[in-house]
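The primary structure of each chain is shown beneath.
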Amino acid sequence: MQTTMPIRRVAVLGAGVMGAQIAAQCANCGLDTVLLELPGQESDPDAPARNAVQALAGMRPAPLVTAACADRIHAVSYDAGLPLLADCDLVIEAIAERADLKAALYERVVPHLAEGALLVSNTSGLSIDGLAAHLPVALRARFCGVHFFNPPRYMALVELIPGAATDAVVLDGLEAFLTTALGKEVVRARDTPNFIGNRVGLFSLMASVWHGQRLGLGPDLVDALTGPLIGRPKSGTYRTADVVGLDTMVHVVEGPVPRLQHDPWVRCLQLPDWIHELIGQGRLGAKSGEGIYRKGEQGIEVFDPRQGDYRPAAAEVSPAVQEAMAIRDPAQRWRRLRELDDDQARFLWAIHRELFLYAAWTLAEIAPGAAEVDRALRNGFAWREGPFEIWQAIGWETVADWLAEDADGIAAVPVPDWIRQVPAAHGPEGSWSAADNRWQPRSRLPVYRRQAFPSRLRGEPEPQSGTVCAETEALRLWHRDPEIGIVSFLSKGNSCSQAVLDGILELLERAEREYRALVIWQPAGHFSVGADLKAVLTAARAGDQATIERFIRAFQQAAQGIRDARLPVVAAVRGMALGGGCELILHCDRVVAHQEANIGLVEAAVGVIPAGRGCTAVAARSQQAGPGRNPEDVARAYFRTLSSARRAASAAEARDLGLLPECSEIVAHRDELLHVAETQARAAADSGYLPPAFSRIRARGRDLLGQLLEELELGREQGRLSDHDLAIGTRSATAICGGDVAPDSLLPETHFMDLELEGFLALTAMPATQDRIEHMLRTGRPLRN
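Now for a look at the structure at hand. Everything numeric here is computed off the predicted structure, so don't read it as measured data.

### Re the state of the cysteines
In protein structure, a disulfide is the covalent linkage between the sulfur atoms of two cysteines.
(1) Moving on: The final tally for this structure, using the stated rule, is zero disulfides.
(2) Moving on: The thiol sulfur of C69 is not disulfide-bonded, and the nearest other cysteine sulfur, from C29, lies at 8.7 Å.
(3) Moving on: Among the cysteines around C588, which has no disulfide bond, C582 carries the closest sulfur, lying 11 Å off.

In structure tokens:
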């Protein structure tokens, strides 16, 4: 049985919301994917499957990284598609959560599976052994649960649930595939009801409902208290139910109850009667237009069960609780909350008390160790920290004492014995396994060697950081491999400050002496949020054009230094690479980008143009248009991207926009980025690297410039563009086209660099641009003026 073979083709059984989105993520990651669904009318049996793929384009958040990824999905009915399974290495079942339906489907598809193919179920909580009982004995070794979280593109968590007969080699191979190929954070769960994420996450949600009702807190106040205030998504509790769908919530919360009769907290796993009444009235949440919340004439309204009707949603967190939650030290913060005579404070401690006890009580049953629980809640429910991390931050013994003191809760259970046996859930030796009564180290699977700096749980030791070669005020030059240097920014948001730009030139000289190749990579946060706008605004408000010119010249020199370096420079991009950050990567020899990187020349949003050689690079790339591409069309496309401040929502989209080279490597897992970038850098060095030789650009000139200016004027006449948009677009078009020169004029790069500098200086002198920059700094949003 070849379980280590690469998975090249995937089939997804079921084209419902989850099945279609799982297929989309497989396609996003370059996999040939077959999506099967029940047949439609006899005249077009494939229509339901095909319609499911077409519907992906209208879903928000977008399941596809680019529209073209849908072309990798072969949507077909079971009748026509079953023979295609013979060429699939992995088959993912994602139909309705009914064991009888799954069993019937398995009976139908098993005869068509390839020898050695893996069959997995996306069940969110049914017994894996119960499902395996419907399979041939020989297939059970290649069957397990692979539970994706919704939406699959954005939620990193996948639970891997073995059955009693699942081959360990299959599990290891699947974990490696899910991690590297699909970019997932894999946690192994035990075959228990709802596994880990839903078991603990949904319990926590229901504990919030329970204690909110006990204390008389309205749904909107519960949501205000259970969102970002405590490190959870802004949807909180009841908004989450609306988004999921109230009818679906009934299924996921109450469906497992018969299998959870041993759970002391089972009595809280029942949605309130008033929610059942809303469901009976067809008020199912976001999908029906109203549920617990709805949009009223005066704004958002919330259903108040005490009034039996909707009212304006206007709940606010009490000043005392806000003040307590602002305390930085977790121990002091929670001690203060416990002291407050405030129902909101009592609510917050009550739901956390339930969470701590529940996680501790269920740990041995549901998970190999505490790490799996915390990673499941982080990556499947988007919590800032998992329950054991929060507990550990407050103080392990302190919380244990508090739990023992406060006996009034949903379930009358003591603190589990293992809590007093260890100093914390996570420590230098690993994370505690309550089932095995020992410390469990991180997985030693080879796939995790690709993650030099994996996301760390509170209490885990810091990974080795490498050897520092040199450091300036704002940059660090260091390495893991003595032949491959790494440059990392030390500025806020990894912004391109004056100190960063000066440091780039200084460290490039050192890197050329010390290393064979160089990687630009940020250990934390975004690649770069762009130029230091605060410094630009300060100089602009003071009329200090000389300081702005010095800054832009330094930016141009830094970008040119990266391009002309005598060693290959590879950008490793995750998070945002906006404005100046994007300009830097335009000058790197290679780019390795995380699939979800946000990349864009967005300067127009703050009233300027890309002047750190951004317009120059765009002009140069226009003349290098590939076969069959008109350089003028390429330049026009770049101009429209710049004028609209378009930000690519994925690395693939950025490549389509020409912001990444065609040869860019797109990585699914963000923690593998540095490993791949170092590999690419070494490959470039080993191939006999020579820096680019061109220094002149063939200008598009006055003909294209005139067309672009006409396009701008039309936009203003139609009301799509403001006068200031026109001013920005004019400077952008001028710099890209090379100004008022004859078409195809061969001009030095310095000509384009001077034009982009002139445009930047002219725009920063305008009050409208200064207002845009100030608004962006204050709100994080663009100003249209």
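### Observations concerning the sheet that holds strand β12 (residues 426–427)
(1) Moving on: Overall, antiparallel pairing links the three strands, which are arranged β12-β13-β14 in an open sheet. Both outer strands of the open sheet, β12 and β14 (438–440), are each paired with one neighbouring strand and no more.

### Re helix α26 (residues 701–717)
(1) Moving on: The terminal C-alpha atoms of α26, which comprises 17 residues, lie 25 Å apart, in line with the 24 Å expected from a rise of 1.5 Å per residue.
(2) Moving on: Those residues of α26 lying buried are G701, L704, L705, L708, L712 and G715. Relative to the axis of α26, the buried residues are bounded by an arc of 105 degrees and lie together on one face. Of the exposed residues in α26, the ones pointing more than 90 degrees away from its buried face are E710 and E717.
(3) Moving on: Next to the buried residues of α26 lie α23 (631–643) and α27 (723–737).

### Considerations on the sheet that holds strand β11 (residues 309–312)
(1) Moving on: The strand order β9-β10-β11 describes an open sheet built from three strands, whose pairing is antiparallel. Every other strand in the sheet has two partners, leaving β9 (293–296) and β11 as the edge strands with one partner each. Going across the sheet, the axis of each strand differs from the next one's by a mean of 40 degrees, ignoring polarity.

### Remarks on the side chain of Q522
(1) Moving on: Along the chain, Q522 turns up in the loop between β18 (517–520) and α19 (533–541).
(2) Moving on: You can call Q522 buried: its relative accessible area is 2%.
(3) Moving on: Those residues in contact with Q522 that sit more than four places away from it in its chain are S488, F489, N494, F527 and R574.

### A look at the packing of helix α20 (residues 545–564) against helix α28 (residues 749–764)
Two measures define how a pair of helices packs: the angle their axes make with one another and the distance between the axes.
(1) Moving on: Two elements in contact, α20 and α28, have axes separated by 10 Å at closest approach and are oriented at 145 degrees. The two elements α20 and α28 meet at a crossing, and its hand is right-handed. Together, Q545, I548, E549, I552, R553, Q556, Q560 and R563 of α20 and E749, M753, D754, E756, L757, F760, L761 and T764 of α28 make up the contact between the two elements.

### Here's the deal with the environment of W521
(1) Moving on: Looking at the secondary structure, you find W521 in the loop between β18 and α19.
(2) Moving on: On the basis of relative accessibility, which here comes to 3%, the residue W521 falls in the buried class.
(3) Moving on: Each C-alpha atom, one on W521 and one on V592, is 10.0 Å from the other, the two residues being 71 residues apart in sequence.
(4) Moving on: Not counting residues up to four positions away in its chain, the partners in contact with W521 are F453, W478, I486, V487, S488, A572, R574, L673 and L674.

Criteria and thresholds
- Residues numbered from 1 in each chain as written.
- Predicted model: local features only at pLDDT ≥ 70, side-chain atom pairs only at ≥ 80, totals over all residues.
- Heavy atoms only, no water.
- Disulfide = S-S within 2.5 Å.
- Pairing = 2+ DSSP bridges.
- Helix = DSSP H or I, 4+ residues; strand = E, 2+ residues; numbered from the N terminus.
- Expected span 1.5 Å × (residues − 1).
- Buried < 20%, exposed > 50% of the residue type's maximum accessible area, 1.4 Å probe, protein only.
- Arc of directions from axis to C-beta.
- Contact = heavy atoms within 4.5 Å.
- Axes fitted to C-alpha atoms, helices over the stretch in contact; angles between N-to-C directions.
- Left-handed = near helix turned anticlockwise from the far one by under 90°.

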